[in-house]
Amino acid sequence: MENKSIIESLLYVSGTEGIDISDIKKVIDLPTDDIRKLIKDMKERLDKNNESGLTIKVYGTHYYLLTKVENKSYVAKLIDVRLKNPLTPAVLETLAIIAYNNPCTIAKIEDIRGVSSENALKRLESLALIKNVGRASTPGRPYLYEITQKFFNLFGIKNLNELPKIKLESSDGISGDNLDFFNSARFEDENN
C-alpha cells in the first residue's frame, strides 16, 4: 500500500479530532520530515484538482481532511447546519480574554470585562472552545480556563503567537504599539 493512500485514510478516519504526526508515525515507519512532505504533496494535489471537494489543513499540531471552503454552502444544505454564529459579542470577548491570558481565572476575566462572565464561560465550555484545566494556587483556588484545540480549528491559527497584536490608546494617555488590551497584569500594575 502506498504511504499517501495510508495517510489519506488516517486523515479521513480521524475526522473532527484530526491527527498528529506522532500518531501517523505509529502506523507508518517514516521520519517526520518525510511524512510532512507527503502531506504537503497531498494537499497541493487536492487543492489543484477542481474535481475534488477536499483539502488538507493544519491547525495547532493536528492535520485535518476537510471540505473546500468553496463548497461550504452546499455542505450546509445537505447536513442542515445553521450558519448563524453561536458566538455573541460577550462570548467572543470572553474567549479573547482567555486566549490572550491563557490560562485565565474567572476573576481576571470579570476584572477586564467589568461584568459577570459565568454565562459566557458556560457557553464556551458547551461549545468546547475552552476547558477547565485545574485550579490556581492563589487564595480561594479559583478555576483556570484555557482554550482548546477546537479554538485553533475555528479561527484557523496554529498557535497563540498568531493572535493579532492589539494597538490601544487609553484616555489616560497610556499607549503602545503592541499594548495587550487583554493582559490583566496591566490592571494589577496600576494597583501597586
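Above this text sits the structure in question.
Basis of the calculations
Residues numbered from 1 in each chain as written. Predicted model: local features only at pLDDT ≥ 70, side-chain atom pairs only at ≥ 80, totals over all residues. Heavy atoms only, no water. Pairing = 2+ DSSP bridges. Helix = DSSP H or I, 4+ residues; strand = E, 2+ residues; numbered from the N terminus. Contact = heavy atoms within 4.5 Å. Axes fitted to C-alpha atoms, helices over the stretch in contact; angles between N-to-C directions. Buried < 20%, exposed > 50% of the residue type's maximum accessible area, 1.4 Å probe, protein only.

> Kindly report on the sheet that holds strand 1 (residues 19-20), identifying the contributing residues and their values.
Sheets are built from strands that pair by backbone hydrogen bonding, the pairs being arranged parallel or antiparallel. As summarised here, the arrangement of the three strands in space is 1-3-2, forming an open sheet in which the pairing is antiparallel. A single partner strand is all that each edge strand has here, and the edge strands are strand 1 and strand 2 (54-59). Where strand 2 lies against strand 3 (residues 62-67), six bridges are found, and the strand directions are antiparallel. From the neighbouring strand, Ile 56 faces strand 3, where its bridge partner is Leu 65. Helix-sheet contacts for helix 1 (residues 3-14) involve strand 1, strand 2 and strand 3, and the interaxial angle to strand 3 is about 80°. Helix 3 (residues 32-48) rests against strand 2 and strand 3 of the sheet, and its axis sits at about 135° to strand 2.

> If you had to explain the environment of Leu 124 to someone new, which residues and values would you point to?
Looking at the secondary structure, you find Leu 124 in helix 7 (residues 118-126). Judged by its relative accessible area of 0%, Leu 124 is buried. Sequence spacing of Leu 124 and Val 91 is 33 residues, and the spatial spacing of their C-alpha atoms is 7.0 Å. Not counting chain neighbours up to four residues away, the residues in contact with Leu 124 comprise Leu 87, Val 91, Thr 94, Leu 95, Ile 98, Leu 129 and Ile 130.

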